[in-house]
Amino acid sequence: MSEGIVYLTFIPWFLYFASLCKNALNDLKVNEINLKWIRKNIFKIFHFENIILFAIFFYFSAYYSDSNQIWLVDILLFSAINLYLFINRYYDKNRNQTTIGTKDVSTILIIMLIIIIPIIYYVSTSNYVVTYYILFGYSFFNYTIVFIAKSINDLIMKLIIRKNHEE
């Protein structure tokens, strides 16, 4: 029963992370990534206001780990934080309004493969607190994850196109 509840807590995180990735993917498609762009958009890339919410979770999970109700507190905090952040994305002025096209499907598949890593970690260890830490890290470094996935996708596409031209 408790493992099922932990799996349910991944849903608000996934909704929030998917909205972050959609925004990042659209930004990375239309902008050339260089140091000047990163400096100009640092607060768009890294949402520093989220650090406060993540710190609250870290505080309770680390300093009250011996409490008999910490499991419930961790699960409720993780779910509430991600649900709040997901809903708050609709009020974000940096939110990109463009839609994702069919050309982005392969990049999305690579992102999905990257998302599976913490889920596999939880399935193999049943350590939900460390899994939550990893998922918060994914949320904070979403632009980096999308950039890596897009770079891998672009490399694969170049290799496929080159191989098709050789044949």
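Residues numbered from 1 in each chain as written. Predicted model: local features only at pLDDT ≥ 70, side-chain atom pairs only at ≥ 80, totals over all residues. Heavy atoms only, no water.

The subject of this paragraph is the confidence of the model for the chain. Scored by pLDDT, the chain comes out at a mean of 86, with 95% of its residues at no less than 70. Here helix α3 (residues 42-45) stands out as the element of the chain with the lowest mean pLDDT, 80, in contrast to helix α7 (residues 128-140), whose mean of 93 is the highest. (pLDDT = per-residue confidence, 0-100. Helix = DSSP H or I, 4+ residues; strand = E, 2+ residues; numbered from the N terminus.)

In this model helix α4 (residues 49-63) runs 22 Å from its N-terminal to its C-terminal C-alpha over 15 residues, within 8% of the 21 Å that 1.5 Å per residue would give. The set of residues buried in α4 consists of Asn50, Phe54, Phe57 and Ser61. End-on view of α4: buried residues confined to an arc of 60°, all on one side of the axis. Opposite its buried face, α4 presents the exposed residues Ile52 and Tyr63, each directed more than 90 degrees away. On its buried side, α4 packs onto α1 (2-30), α5 (70-88) and α7. (Expected span 1.5 Å × (residues − 1). Buried < 20%, exposed > 50% of the residue type's maximum accessible area, 1.4 Å probe, protein only. Arc of directions from axis to C-beta. Contact = heavy atoms within 4.5 Å.)

This next bit is on the environment of serine 79. Residue placement: serine 79 occurs in helix α5. On the basis of relative accessible area, serine 79 is assigned to the buried category, the value being 17%. Each C-alpha atom of the pair serine 79 and tyrosine 132 lies 10.0 Å from the other, and the pair is 53 residues apart in sequence.

On to the packing of aromatic side chains. All chains considered together, the criterion is met by 30 aromatic pairs. Judged by centre distance (5.8 Å) and plane angle (65°), the rings of phenylalanine 57 and tyrosine 132 are edge-to-face. Taken together, the positions of phenylalanine 57 in helix α4 and tyrosine 132 in helix α7 put the pair 75 residues apart, joining distant regions of the chain. We classify tyrosine 132 as buried; its relative accessible area is 0%. (Phe/Tyr/Trp six-rings, centres within 6.5 Å; stacked < 30°, edge-to-face > 60°.)

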